[in-house]
Structure formats: C-alpha cells, structure tokens
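# Examination of the molecular architecture
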Amino acid sequence: MNRARKATRRPGKAATPVVKVAPVAERAPAGLKLEFSCTLRDSLDMQFQLLAVDFGDSDVIVDGSAVERIDTAGLQMLLSFAKYQATRGKPVLWAAASPELLRSSQQLGLAGMLGLEESRGGSEP
Amino acid sequence: MTIDLESFHEVFFLESFEALDSMEGALLQLVPGVADSETVNTIFRVAHSIKGGAGMFGFNEVATFTHTLETLLDELRAGRMEVTAPLCEGLLQSVDQIRGMLGAIQKQQVFDPATANALKAEFTRLIDERKPRGGQAAPRPVPPADADAGRRRWQIRFKALPDLLNRGNDPLRMFSELAGLGDLRVVADCSTVPDLPTLDPQICYISWQLELATEAPRSSIELIFEWAEGDCELDIQPLDGPVAVVVPTQPAPAPGAPSLPAAPTSAVTSAEGNSIRVAIEKIDELLNTVGEIVITQSMLSQLSRQLEGLHADRLRAGLAQLDMSIRELQERVMRVRMLPVGTVFSRFPRLVRDLSTRLGKKIRLQLSGEQTELDKTVLEKIGDPLVHLVRNSVDHGIESPAARIAAGKPEEGTVHLNAFHKGGSINIVITDDGGGLDKQRIVEKARSKGLIDANAQLGDEHIFELIFLPGFSTAAQTTDLSGRGVGMDVVRRNIKDLGGNIELQSELGGGTSITITLPLTLAIVDGQTVSVGTETYIVPVVTVVESLQLKPGAVNHVYGHGEVFPFRGEYLPVIRLHEVFGVAPRSGVLHEGLIMVVEGDGRRAGLFIDQLLGQQQVVIKSLETNYARIEGVGGATILGEGTVALILDVPGLLRMSPPAQGARGGLRESA
C-alpha cells in the first residue's frame, strides 16, 4: 500500500512544500508525503506545514520513501510530530521509508520511537 | 529563519589552509623508517578536522579524499604501516590536492580530480596491502565483541547545548563516525522533546547514551566530537577499565541544564581562548578611524597655537598629552596588522625539499627570526619575490654535491633566511654558501647585450646592479625553476613598490647574500612636505636623494628629453610639478625655486618645487578607493590645518617623464 504521490521536490532552492498532505476524507486516513530533503535548513518550513494541516480525526500515514537527505533536526521534527499526534490519540503510521530515513533513525536510536523499526525501505511497512 | 552555513565557509577555508600548513610542516619532519607517533597524530588531527568540516559544509570531494587519507594515517598511527619515502611524498601531494580542492571551492572554480583520484586509489591500495611489522600479510582483524584484548568498551553520554545544530554540528554525523570505529549501541532520551507547536527546530532536545566497543583509543573518540567542543556536554568513560573523569569539551552553561564538573583547563585551551580571529577590514576601519583622530588632534593643536592666556597653555598641555596617547593608540592598532614573518617562511621547507630532490642537490634550509613581525599587506606581497630568490639560490647558487666536494666544500649546501629589525625597517636576508656570482660573466653578458660600453669600468656594486635589469640572465642553462632572466627586475620592482630596497653581495665560490629592506607598514609614510603655488604635496622621504637650488644657466634643453640639469656626473630630467598637476607656481623660473632629486625604479629626476615645508609622518588614504587612480599620485592625506595633500608616487612620476640623458652632446643652454 503506497498512497504517496510522486516526489516533486529536487535539491535546489525552490521553496516548494516539504510536506504534502493528501485530501482529508472523513474518517479516512490522511496521507503525508515527506520530500527529498528533511534537514535543519528545511525544518522551519516543515514545522509550519505540519502545523498548518488539519488532519481532523484521521489517522496519519506517512510516506518517507522519497527522503534522501535527513539530519538530526529533521528526525527530531518527525519525533515531535509523532508525539503531538500521540497526545491526540492518533499515532503516526508509515506507508514507506527510504533506506536513508531508516539508517538515520536507527543511527540516532530513534527508529523505535518513530515506529520505523518494522518498516522496510521504500516499501510498505 | 534559516541557517546560512555559507557564512562559516570563509572561516573554514582559513582554518583549513592554516591547518594544511601545519600538516605540511609536520610531514616534512617525518623520517622514513622512524615511528614518530606524535607527528603522525598531528597530521591525523588535521586530516580529521578538515574531513569533519568538509562533510559538514557538503564539500563531498574533500571529505571523501580526506577520509581515505585519514584511514591511511590511522594505519600509520596504529603502527600497522611504516613511514616510507614514497609514502611521505604521497602525503605531501595529498596536502597539495586538498589545498587545490579547497581553493577551487573557495573561488568557485572547477578542480580537476584526476591527481586526487589517483592518489586516493594509491592510498586505498596501500591500505589494502598493508602488512604488520612482522612482515606477514594479514587482513584487518575483526575480533568478536568483548573477546579481543585490544578492544575496549566505552560509555559515552552526549547532550546537545542550544547552539549545537546552529553551528553545523550534527549528532547523526558524529554517531555515524563513531559507528565506523566499532560496534555502537545508541539509546536516545527524548523525554524533553516538546510537542510540535512549541518545538524550536534549531535546538536539539534529545540526549544520548552510547556504548561503543572499539580498538580505537580514546583520542579517536574525542576527535569525533572535536568540532562540537563547547556546544555539547560530553562524558566518555571506559566500561571495562579504570574509571577516569574526562570532560574534553568546555560546555557553555545552558539554561536549566545540569552542569558537569569543570575539567582542568589545559595550556593549549587557554592559549586558544586568548586569541580571536578578526577580519582585516575591521582592523583597517579601526586604523582609519584612528588616522582621522590623529588629523583632528593635529588641527586642534594648530588652532590652539593661535590662542593666548592661561587656559590656552592648559589646553596646549592637554593636547600634547592627547597627541602622545593617540600616537600610542595608532601604533598599537598598526601592530594588530603585524604578523610574524614565519607565516611566509613556512612555505620554504617544502619548496627547498622539492627543488633539491628534483635537482639532485643536498640543501639544508636554515630559518631564523621567524617571529619578526611585519605588516600583513607587506607580508602578502613579499612572498613571491622571496620564493623567486630562494629558488635562485637553490637552482643557481648551491652547486651539485660533486661540484661542492671538488671545491672543498661540504656536500650539503645551506640556504639561510633571516629576518630582523633594523632601525625603523625590517631586513630579510637570503644567504647561500653556493658558487656566488661571476662578475666577469655578468660584465661580458652586459656588454654583449649592449647594456654597458665596451670599455666601461664598473665597481662591484654596479656590476651586481646589472642583474636587476630587465631580461638580464647569466644562467648557463634556462630551467623551468628560475633563470629566465625575467625575475630579478620584477623582484626589485615589487620590493620598491612596497617602499623597500634590495641589495646584493656575492663572492665567487663563497656564496651570495641578498638583503631586502622593508618598511614596517604601508599605512603611514614618512613624508617631506613641499609647496607648489598654494598646494602642498608629500614626497616619501625614502625616495628623496637631495634638494638643491640650481644656478642660472645650469639647465639645458635636450631635444626629445626636455629640461635636464647636471647632477653627480649625469644629467637628470626636470619634472615641473606645477605642470604635472596644473597649478600656478610661485615662480616658473627654475633657479628661483628648488630642485628635489628623487629616485625610483633605478631612475632619478629633479622635481621642481617652490619650497620645502618640513617632514612629518602621514596616514595614507587611498585615492583609488575614494576617487580614482591618478598616475604619479600614490595616495592622499589630510594635513593638520584640514587640507588634503597628495602623496607623490615617485616611480610613477618618473615613468611619466622623459628618460635621463647620459651624455652632454646635443645640449642647448637654457635661459
């Protein structure tokens, strides 16, 4: 199950959204597509966009298959988002995670807390 | 708000180039076959720091290359590989490559990676083929956890301080490097990570506890966190050995963060903490401001002389005190611009080593006076002339070992660079104990080129002067190192442009000594103030030969050469300053004014002026920056009464004038 749309952001200076959200249907899971780069440089945009989206009562399913560049700030942002969702009783689910996302989260000891330990790179969890 | 890592690039480049200089110096100390762990560690640390910085800024080519270099150095450090001459050569080449790569990135140029790739491949081959000292090839042992006697377990506690991420330090990169040392287990504590709305994405809230099983020494672990020093709390403890309290970083106090016991401050840290890096522009701005204060103070002093009474006396006394303080301030600010000449000398060990190897000569380079300080701008401009002179000494001065032995000299020649203060100047002397200059050959060459008359009798001083003429070269064979005959004139011109001087002494068979005299600074100049009409000009004292009043009829007209007058056996052209600058003179008759004989670029001329006013030290203001470049004018200054005076560029003025006439023939008496 890969609900994610194709990544449109490539490395560069274009200010395209870091996070994309699929249309919210009542009670249907909301899709969240992480883009190519989730680093400190992108973190403010990422936070703004995550906060701007109203996920309603939907579960959030994240597609991290396009992530090729991520750092501690980016992973911390995802962790904070996961905590935020958890307080609302809506744990974050993963549709897919790129090898870089998996490797980085494991390297920082965050894979378990992000729910990425069972995921396989670039495929359904 | 975004993080602009580019603002840190220049600092990284500066520090990396300095570190590469240290690395090169350390590499030159390596002796093949001798295990010098301290020197290898120094080299390793430089490679590691550059790798870390390059990785952080995304300079991946540099990071990859230095990673391979670091791996090789790690083998050397661990004693699994021996220092050999080819290896030293390869390591020196790697310094050149890193310099080239960084230089290209800094100047946004394309760097040809061919040599770097070849070196990297060679290093990789050496690493793969390494043999233990016993001589038997063995793959790198990968002992099972807790089973190898050389493997230790370390517990590392790491907590980020608020500026860690902002300064480009990423725990992810550090932990990846740690994982490269052995088996790493990471446990993150995310209890303080706030919810999304209150999260500051530029602060790292997570802290970690890590366990590392590795053969690497503690210093390797500490190195990984080196760039984060001051931005994290770090505690490294051995889990299976004696417990030692080590806090290698000096964390800044974080609000609400528990502080670790302070580590004793090492001498190195203390020394580092006592210096800061300041952009030269800031110092120049400061110097400029001080210059303005000097001018204002001078104006006030001049005004105070017109006042009378008790208060006026007190005012003058106060201003005299102020004058002393300001002069001291000016001198101290100028000292900030001063750097030890050793920063230029440091390039010569490598240069002499490479050239002597290439030429098959044995040469010992002796350096002294490296701590002698010189203005930064002067230092930057003296580097190339010095390189040329040292190359000449190595290439043409020092003989081959066989020739030296035949001449009864030691097989190894010596090139000595010495810097010292003399009066208000700095002297740099380059001496070699080589073959010296053959005066007869120089004279013959000058005759064959028509530079001197066939029957001219020249003293030593004049003979040596000939080698500074454009195109003059006595090298029997032109090499690609030196001897093209285009160098010494350029060397002298560059030194003259700095307000300096160059002299040469040589003895056939005994060696050559070249003395360069340089001003301490280019920011101020000792000037002779002169008046022409209502204008005041500054003539740098260093260019003034003599001032004289001509007798009526002493000036002659030479067709195509203008006015000339006799001076010590030669005819010098007259430069009428009022004509050059378009001002009305007090008198246009030459014997009613004064002639100031000036010298520049080996030429002399007489400046026609109204009168001499006095000598004073003036602060040089760039005319080029504030207005435009004007031929014959080197800059401007503001005088005590607030007027602007032009500082003459004597070599420039001489270039504008017709050349001097050497013979009396064809002269026409002037009125």
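From a predicted model like this one, the values you see are computed outputs, not experimental measurements.

Turning our attention to the environment of glycine 369 of chain B. Residues and elements named next belong to chain B. In this structure, glycine 369 sits in the loop between strand 6 (363-368) and strand 7 (373-375). Given a relative accessible area of 25%, glycine 369 falls into the partly exposed group. Along the backbone, glycine 369 and alanine 419 are 50 residues apart, and their C-alpha atoms lie at a distance of 4.7 Å. Those residues in contact with glycine 369 that lie beyond four places of it in its chain are Val341, Asn418 and Ala419.

Moving on, we come to the confidence of the model for chain A. All names here are of chain A. The share of residues in chain A with pLDDT of 70 or more is 70%, and the mean pLDDT across the chain is 73. Looking at the elements of chain A, mean pLDDT is at its lowest for strand 1 (residues 19-21), recorded as 48, and at its highest for helix 3 (residues 99-107), recorded as 93. Confidence drops under pLDDT 50 across residues 20-27; counting only partners more than four residues distant or on other chains, this segment forms 17 contacts. Across residues 119-125 the pLDDT falls below 50, and counting only partners more than four positions away or on other chains, this stretch makes 23 contacts in the model.

Moving on, we get to the sheet that holds strand 22 (residues 644-648) of chain B. All names here are of chain B. Read from one edge to the other, the open sheet built from 5 strands follows the order 20-12-13-22-21, with strand pairing classed as mixed. Unpaired on one side and paired on the other, strand 20 (611-619) and strand 21 (633-638) mark the two borders of the sheet. When strand polarity is set aside, the average angle formed by the axes of neighbouring strands in this sheet is 35°.

Here we come to the sheet that holds strand 11 (residues 511-519) of chain B. Residues and elements named next belong to chain B. Taken together, the 5 strands give an open sheet; going across it, the order is 6-8-9-11-10, and neighbouring strands pair in mixed fashion. Every other strand in the sheet has two partners, leaving strand 6 and strand 10 (501-507) as the edge strands with one partner each. Taking each pair of neighbouring strands and ignoring which way they run, the sheet shows an average axis angle of 15°. Sheet analysis places strand 9 (residues 425-432) next to strand 11, joined by 8 bridges and oriented antiparallel.

What follows covers the packing of helix 3 of chain A against helix 6 (residues 171-179) of chain B. In helix packing, the relevant descriptors are the interaxial angle and the interaxial distance, both defined with respect to the helix axes. Contact geometry for helix 3 of chain A and helix 6 of chain B: axes closest at 9 Å, N-to-C directions at 80°. As summarised for this structure, helix 3 of chain A and helix 6 of chain B are arranged roughly perpendicular, according to the angle between their axes. Side by side, helix 3 of chain A and helix 6 of chain B meet where Arg103, Ser104 and Gln107 of chain A of the first sit next to Leu172, Phe175, Ser176 and Ala179 of chain B of the second. Taken together, the residues of the contact of helix 3 of chain A with helix 6 of chain B sort by class into 3 nonpolar, 3 polar and 1 charged.

A few words now on the packing of helix 2 (residues 37-57) of chain B against helix 3 (residues 60-77) of chain B. Residues and elements named next belong to chain B. Where helix 2 contacts helix 3, the axes come no closer than 9 Å and their chain directions differ by 155°. Taken together, the axes of helix 2 and helix 3 are roughly antiparallel relative to one another. The handedness of the crossing between helix 2 and helix 3 is left-handed. Taken together, the residues of helix 3 that come into contact with helix 2 (itself represented by Val40, Asn41, Ile43, Phe44, Ala47, His48, Ile50, Lys51, Ala54 and Gly55) are Val62, Ala63, Thr66, His67, Leu69, Glu70, Leu73, Asp74, Leu76 and Arg77. Per-class residue counts for the contact of helix 2 with helix 3 are 11 nonpolar, 5 polar and 4 charged.

Residue and element names in this part refer to chain B. Applying the stated criterion across every chain, the model contains 35 salt bridges over all chains. Ionic pairing is found between glutamate 211 and arginine 185, a salt bridge with its closest N-O pair at 3.3 Å. Taken as a pair, glutamate 211 in strand 3 (residues 207-214) and arginine 185 in strand 2 (residues 182-189) lie far apart in primary sequence, 26 residues in all. When the shortest N-O distance is used, the salt bridge between aspartate 284 and arginine 337 registers 2.3 Å. Placement of the pair is aspartate 284 in helix 9 (residues 280-304) and arginine 337 in the loop between helix 10 (310-336) and strand 5 (338-340), with a sequence separation of 53 residues. Overall, the relative accessible area of 32% leaves aspartate 284 in the partly exposed class. Looking at arginine 337, the relative accessible area reads 6%, which means it is buried. Shared partners join several salt bridges into a network, and the residues in it are Asp21, Glu24, Glu89, Asp96, Arg99, Arg350, Arg353 and Asp354.

So, on to the interface of chain B and chain A. With 29 residues of chain B in contact, the opposing surface of chain A contributes 26 residues. Carbon and sulfur atoms make up 64% of the surface buried where chain B meets chain A, a total of about 2400 Å² over both sides. Summed over the three residues of chain B that lose the most area to chain A, namely Leu172, Leu196 and Pro201 of chain B, the buried surface amounts to 30% of that side. Scanning the region where chain B abuts chain A turns up 0 salt bridges. The interface formed by chain B and chain A contains 11 residue pairs in polar contact (both at pLDDT 80 or more). Per-element tally for the side of chain B that touches chain A: the top contributor is helix 6 of chain B, with 5 residues.

About the thresholds
- Residues numbered from 1 in each chain as written.
- Chains lettered and ligands numbered in written order.
- Predicted model: local features only at pLDDT ≥ 70, side-chain atom pairs only at ≥ 80, totals over all residues.
- Heavy atoms only, no water.
- Helix = DSSP H or I, 4+ residues; strand = E, 2+ residues; numbered from the N terminus.
- Buried < 20%, exposed > 50% of the residue type's maximum accessible area, 1.4 Å probe, protein only.
- Contact = heavy atoms within 4.5 Å.
- pLDDT = per-residue confidence, 0-100.
- Pairing = 2+ DSSP bridges.
- Axes fitted to C-alpha atoms, helices over the stretch in contact; angles between N-to-C directions.
- Parallel < 35°, antiparallel > 145°, perpendicular 65-115°, else oblique.
- Nonpolar A, V, L, I, M, F, W, Y, C, P; charged D, E, K, R; others polar.
- Left-handed = near helix turned anticlockwise from the far one by under 90°.
- Salt bridge = Lys/Arg side-chain N within 4 Å of Asp/Glu carboxyl O.
- Buried area = accessible area lost by both parts, 1.4 Å probe.
- Polar contact = N/O pair within 3.5 Å; in protein donor to acceptor, adjacent residues only side chain to side chain.

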